[in-house]
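# Fold and geometry: a report
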Amino acid sequence: MATPLSADRLVAALRAEGVRVAEHKSWRTHNRNHAGSWGPVHGVMVHHTVTSGTASSVDLCYNGHSSLPGPLCHGVIAKDGTVYLVGHGRANHAGSGDRAVLDAVIAEGKLPPDQKADTDGNKHFYGFECVNLGDNKDPWPAEQVEAIVRASAALLRAHDWGKDGDTSVIGHLEWQPGKIDPRGPGVSMGDIRRRVAERLKHPADWSPGGSPPEETPMHTYFERTSGVTLRPGEWYTITWDRVWTPGKGWSDRDREQTLLKGERLFSLDFAVRAGGLGRGQEIQLRVARNAKKDGVWARAKSWPISSPVHDGGRLHAAHHWQGHLPGSDDNRLVAEVLVNGDSPVPIDELTASLLAWPL
């Protein structure tokens, strides 16, 4: 028997386990407590959303729908491993399940087959919805499964569960007859329980075969050295031929324009070397964010520009901006440049230096 963690303790436990956390809207006070109690809690339940796309899945789990009001879970685990907190309190995720399964979870013993739907699970389980179509084809990236393991371990560690067994973490398919989640290539509840049990043998910051999600900035470089001519009066979105990333070195890209995706703080410096500018000709530089909605990319935000004016000949102009990208897989940070005047301007070199901090 355990009292649910407070919102602050929940966030602290997840982050201590190396989970990348995003707090969505008013999640701390968003719940179904008027419909029944939450607690005592006894375990963690894993689901899949039967949706694709992070932003829309998070909104659905926060709001619910006409036949099932939200929140539909406590956290949504995106494909990139980010956990979006959408509710704190009773949530519509588990539904009715088998009392014998709950007894096994409490005893941390072997799970029996789920044969009945006679017990309220929303009262007794934390719930995580994972972004996946559930069609047994949509893959589960390693980052997403690792986040399931870490988020589950964080809660077990906080409640001192899992000392005598590893069945404090179950799938929806193990609770309610007829359910199939989670399923698909790359996910297995047996594997998740094994990995959670192994994590609990080590400190919270333990990371097998690597490091936990980075708290320090990642420094990436971008370069483009050929084939760009700016036409006056038109914003040009810079694409990159070469990208340097930590641990990988330089790699060639085919006109790559994406600098960053997902929720991040960033600091970007990019520079332009150009020749053939006329006296008094102005070149403008800015950073912008593009967002994808209903399959279509569109401008979501443009930050202020800088506008060097040249006295003719060659120019080296630089621009700096720092800001925040919202937590979505469907956002792109881009760098743009524009010239005024009457004549096209050939660009000799475009470079960028990007620092990014995950949230």
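Now for a look at the structure at hand. Everything numeric in this text was worked out from a predicted model, so none of it was measured.

Either a parallel or an antiparallel arrangement is found when strands of a sheet pair, and the pairing is made through backbone hydrogen bonds. Spatially, the six strands line up as an open sheet ordered β1-β6-β5-β9-β2-β10, and their pairing is mixed. Edge positions in the sheet fall to β1 (21-23) and β10 (169-171), since each has one partner strand and no second. For this sheet the average axis-to-axis angle between neighbouring strands, irrespective of direction, equals 25°. As judged from the three bridges shared by strand β5 (residues 75-77) and strand β9 (residues 125-130), these two strands associate in the parallel manner. Across the sheet, the residue bridging to Ile 77 is Cys 130, located in β9. Packed onto the sheet, helix α1 (residues 7-16) meets β1 and β6 (83-85) and runs at close to 155° relative to β1.

What follows deals with the packing of aromatic side chains. As enumerated under the stated definition, the model contains five aromatic pairs in all. Here Phe 222 and Trp 240 contribute two aromatic rings whose centre-to-centre distance is 5.5 Å and whose plane-to-plane angle is 50°, an arrangement assigned as tilted. Of this pair, Phe 222 sits in strand β11 (residues 218-224) while Trp 240 is found in strand β14 (residues 240-245), placing the two residues 18 residues apart along the sequence. When sorted by exposure, Phe 222 lands in the same class as Trp 240, which is buried. Here the aromatic cluster, defined as three or more aromatic residues joined through ring pairs, consists of Trp 38, Tyr 126 and Trp 161. It is Arg 286 that lies over the ring of Trp 235; its NZ or CZ is 3.8 Å from the centre.

A word on the side chain of His 159. For His 159, the location among the structural elements is in helix α4 (residues 142-159). Residue His 159 is classed as buried on the basis of its relative accessible area of 13%. In contact with His 159, not counting residues within four places along its chain, are Ala 2, Thr 3, Pro 4, Leu 5, Val 41 and Tyr 126.

Our next topic: the nonpolar core. Grouped together as the largest cluster of nonpolar side chains are 37 residues, with contacts concentrated most on Leu 14, Leu 85, Tyr 126, Val 169, Ile 192 and Val 196. Broken down by element, this core gets its largest block of residues, nine residues, from α4. Among the nonpolar cores identified, the runner-up in size contains 29 residues, and Ala 274, Leu 277, Trp 303 and Ala 317 belong to it.

A few words now on the layout of surface pockets. Its boundaries defined by the atoms lining it, the second largest pocket holds a volume of some 330 Å³. Lining the second largest pocket are 19 residues, and of these Leu 68, Asn 92, His 93, Glu 129 and His 172 sit closest to its centre. For the lining of the second largest pocket, the elements supplying multiple residues, two or more each, are β2 (43-48) and α2 (54-63). Within the lining of the second largest pocket, the residues separate by chemical class into six nonpolar, ten polar and three charged.

This brings us to the pattern of salt bridges. Scanning the model with the defined rule gives 19 salt bridges in all. Here Arg 195 makes a salt bridge to Asp 191, at a shortest N to O gap of 3.4 Å. Taken together, the residues Arg 195 and Asp 191, both in helix α5 (residues 189-199) and four residues apart, mark about one turn of the helix. Residue Arg 195 is classed as partly exposed on the basis of its relative accessible area, which comes to 23%. Note on Asp 191: relative accessible area 24%, which makes it partly exposed. Each of the salt bridges in this network shares a partner with another, and the network as a whole consists of Glu 146, Arg 150, Asp 191, Arg 194 and Arg 195.

Rules used in this analysis
- Residues numbered from 1 in each chain as written.
- Predicted model: local features only at pLDDT ≥ 70, side-chain atom pairs only at ≥ 80, totals over all residues.
- Heavy atoms only, no water.
- Pairing = 2+ DSSP bridges.
- Helix = DSSP H or I, 4+ residues; strand = E, 2+ residues; numbered from the N terminus.
- Axes fitted to C-alpha atoms, helices over the stretch in contact; angles between N-to-C directions.
- Contact = heavy atoms within 4.5 Å.
- Phe/Tyr/Trp six-rings, centres within 6.5 Å; stacked < 30°, edge-to-face > 60°.
- Buried < 20%, exposed > 50% of the residue type's maximum accessible area, 1.4 Å probe, protein only.
- Lys NZ or Arg CZ within 6 Å of the ring centre and 35° of its normal.
- Core = buried A, V, L, I, M, F, W, Y, C linked by side-chain atoms within 4.5 Å.
- 1 Å grid on protein atoms, 1.4 Å probe; cavity = no way out; pocket = protein on both sides within 12 Å on 5 of 7 lines; lining within 4 Å.
- Points joined across faces, edges and corners; volume = space filled by probe spheres on them.
- Nonpolar A, V, L, I, M, F, W, Y, C, P; charged D, E, K, R; others polar.
- Salt bridge = Lys/Arg side-chain N within 4 Å of Asp/Glu carboxyl O.

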